[in-house]
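Fold and geometry: a report
Now for the letters of each chain:
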Amino acid sequence: MDALRRALGWLSACYALVFLSFALPHWGVVPGLMGEPVIIPAAVVETLCVAAVLAGARGALAGRAWAWNGLIYSHAAALGGVVLGILATALGGAGSALLTWYHGSMAAVLAAGLAGAFYFSSVRR
């Protein structure tokens, strides 16, 4: 199970980079990248997702006692942020194909990571 913890830790670090690459255009830091407009609520949620998955990655890669709980909470928080993005895109009606793909794929990988962390949580008890 140590390999699963490390794998989820590295994946969480990769998720943080993906969230950051979408948060920066929404903050207006890198205009023109991916053609995304400045949307402050989306930028705040994506920045919080970056912080959550980085905290989970840090705990998992450092082998902290709270690593599994951190992975569960961070994946759940980031999945909640992605669901907010899906709702905002659906209700706003201005969703591009890139945003639809991004939200769908991130929801799938975060749900899979959450399932893996919950699996280990049930196995270790």
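Read on for a plain summary of the structure. Quick caveat, the model's predicted, so the values are computed rather than measured. (Residues numbered from 1 in each chain as written. Predicted model: local features only at pLDDT ≥ 70, side-chain atom pairs only at ≥ 80, totals over all residues. Heavy atoms only, no water.)

Considerations on the overall build of the protein chain
The helix and strand inventory of the protein chain stands at four helices and zero strands. Each helix and strand of the protein chain, ordered N terminal to C terminal, gives the series α-α-α-α. Taken over C-alpha atoms, the radius of gyration comes to 15 Å for the protein chain, in line with the 14 Å a tight globule of 125 residues would show. Along the three orthogonal principal directions, the C-alpha set of the protein chain runs to about 45 × 25 × 20 Å. About 6600 Å² of surface is accessible on the protein chain, with carbon and sulfur atoms providing 74% of the total. (Helix = DSSP H or I, 4+ residues; strand = E, 2+ residues; numbered from the N terminus. Rg over C-alpha atoms; globule rule 2.2 N^0.38 Å. Areas by Shrake-Rupley, 256 points an atom, 1.4 Å probe, with all protein chains shown as cover.)

Looking at the pattern of salt bridges
Applying the stated criterion across every chain yields a total of two salt bridges. In this structure, Asp2 and Arg5 form a salt bridge, with 2.1 Å as the shortest nitrogen-oxygen distance. Of this pair, Asp2 and Arg5 both sit in helix α1 (residues 2–27), three residues apart, roughly one helical turn. On the basis of relative accessible area, Asp2 is assigned to the partly exposed category, the value being 39%. Across the salt bridge formed by Arg6 and Asp2, the nearest N and O atoms sit 2.5 Å from each other. Taken together, the residues Arg6 and Asp2, both in helix α1 and four residues apart, mark about one turn of the helix. (Salt bridge = Lys/Arg side-chain N within 4 Å of Asp/Glu carboxyl O. Buried < 20%, exposed > 50% of the residue type's maximum accessible area, 1.4 Å probe, protein only.)

Digging into the side chain of His26
With respect to the helices and strands, the residue His26 is situated in helix α1. Within the local environment of His26, its side chain forms a polar contact with the side chain of Glu46, the two groups lying 3.0 Å apart. Once you skip the residues sitting within four places of it in the chain, His26 turns out to touch Glu36, Pro37, Val38, Ile39, Ile40, Ala42, Ala43 and Glu46. (Polar contact = N/O pair within 3.5 Å; in protein donor to acceptor, adjacent residues only side chain to side chain. Contact = heavy atoms within 4.5 Å.)

Section: the packing of aromatic side chains
In the structure shown here, the tally under the stated rule is three aromatic pairs. Ring geometry for Phe22 against Tyr102: centres 3.8 Å apart, planes inclined by 15°, an arrangement best described as stacked. Taken together, the residues span a long stretch of sequence, with Phe22 in helix α1 and Tyr102 in helix α4 (residues 97–123) at a distance of 80 residues. Assessed through its relative accessible area of 5%, Phe22 is described here as buried. The class for Tyr102 is buried, based on a relative accessible area of 2%. With a centroid separation of 4.1 Å and an interplanar angle of 25°, the aromatic rings of Trp68 and Phe120 are classed as stacked. Of this pair, Trp68 sits in helix α3 (residues 67–92) while Phe120 sits in helix α4, and the two are 52 residues apart along the sequence. (Phe/Tyr/Trp six-rings, centres within 6.5 Å; stacked < 30°, edge-to-face > 60°.)

Some remarks on the nonpolar core
As a rule of thumb, nonpolar side chains are buried together in soluble globular proteins. Counting residues in each nonpolar core, the largest one holds 23 residues, and the members touching the most others are Phe19, Met106 and Leu110. Of all elements in the fold, only α1, α2 (40–62), α3 and α4 reach the threshold of two or more residues within this core. Of the residues forming this core, the biggest block, eight residues, is contributed by α4. Among all residues touching Phe19, those that are not within four sequence positions of it are Glu46, Cys49, Val50, Val53, Ala78, Val82, Tyr102, Met106 and Leu110. (Core = buried A, V, L, I, M, F, W, Y, C linked by side-chain atoms within 4.5 Å.)

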